[in-house]
Amino acid sequence: MFSHLRIITKQKYETEIATRTAEVCEQIAREMGAEIHDELIQKLTIFSLHLDRLDRATNHPAEIESLLLKMRSDFQGMVSSVRSISRKLMPVNIMNDSFQVSIKLLCKNLEQDGQGQVHFENSGDETETTTQIKKHLYRVVQELIHNAFKHSAAWHVWVRLIWKKEELTIEVEDDGSAFSMLQEQIARLESKHNTLKMRTQAINAHLSFRQGEKGLLATVKYKI
Ligand SMILES: Nc1ncnc2c1ncn2[C@@H]1O[C@H](COP(=O)(O)OP(=O)(O)O)[C@@H](O)[C@H]1O
Ligand SMILES: [Mg+2]
């Protein structure tokens, strides 16, 4: 009787895993779709309108200058969008490196040319975890850094790994958002069923947001 029960439970468990995996894939596709639509298609459309206006403004140097300023900043946004989408599509190669080395490289890769720095700090000794756990945590950090630059106009992002005997704490803090807006943003983040939430739930990690020194401070706690 018990073995029969165990089979049913295993089947249910596998169905649950398959359902969750499908949900995460769906959500990743939706997030990339939104990024392509909002950040690329819309900005490209505006960019072509600006080109038309530029054509007509040949005798108005002040207008040309202001258009160019706007176009340059939109172009930067588009470049960082393409970069972010391509990074999401690239597999995470974590097999050969320790987690802290992978995250350090990620921080370096996500720095915005002349526009944003990502500082990496590690304290304590790394404890070995499975590749699957490392991949989820890596993607969570990637999205948190991406969010900081996209939503908060941050100049600096700090990524801290703190290893204790039985717990890994990851902090991602930015110096972006204005204080007054932050509670609203935190409420928005907490209510959204995004990949941050799905990934942390999948590995039983705890994700929380609060106001940091200047901007948002996201904390992930994972019991090793
Ligand atoms: N670092 C941040 N600073 C300020 N607001 C943020 C930050 N990260 C996220 N947010 C807010 O939370 C919302 C939800 O974020 P997210 O679920 O990642 O969705 P998306 O990035 O696709 O908008 C964002 O639209 C933004 O308003
Ligand atoms: Mg996001």
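Residues numbered from 1 in each chain as written. Chains lettered and ligands numbered in written order. Predicted model: local features only at pLDDT ≥ 70, side-chain atom pairs only at ≥ 80, totals over all residues. Heavy atoms only, no water.

A. Inspection of the overall build of the protein at higher detail. Along the backbone of the protein there are six helices and five strands. Along the first, second and third principal axes, the C-alpha atoms of the protein reach 85 × 40 × 40 Å. Across the 224 residues in the protein, those meeting the buried criterion constitute 38%. In the protein, of all internal contacts separated by at least 6 residues, the share reaching a separation of at least 24 is 69%. (Helix = DSSP H or I, 4+ residues; strand = E, 2+ residues; numbered from the N terminus. Buried < 20%, exposed > 50% of the residue type's maximum accessible area, 1.4 Å probe, protein only. Contact = heavy atoms within 4.5 Å.)

B. Just the site of ligand 1, in detail. For ligand 1, the set of nearby residues contains 14 residues, the closest of which are Asn147, His151, Asp174, Lys192 and Asn194. Between ligand 1 and aspartate 174 there is a distance of 2.9 Å, counted from a nitrogen atom to a side-chain nitrogen or oxygen. Between ligand 1 and the protein, one listed contact pairs an oxygen atom with a side-chain N or O atom of arginine 188 at 3.1 Å. Relative to its unbound accessible area of 530 Å², ligand 1 is 89% covered by the protein chains. For ligand 1, the cavity whose grid points lie within 2 Å of the majority of its atoms is the largest pocket. Counting residues per element, the ones that place at least two in the shell around ligand 1 are helix H4 (131-151) and helix H5 (179-191). Top element by residues in the shell around ligand 1 is H4. It accounts for five residues. Of the residues contributing to the shell around ligand 1, the split by class is three nonpolar, six polar and five charged. (Near = heavy atom within 4 Å. Polar contact = N/O pair within 3.5 Å; in protein donor to acceptor, adjacent residues only side chain to side chain. Areas by Shrake-Rupley, 256 points an atom, 1.4 Å probe, with all protein chains shown as cover. 1 Å grid on protein atoms, 1.4 Å probe; cavity = no way out; pocket = protein on both sides within 12 Å on 5 of 7 lines; lining within 4 Å. Sits in = over half its atoms within 2 Å of the grid points. Nonpolar A, V, L, I, M, F, W, Y, C, P; charged D, E, K, R; others polar.)

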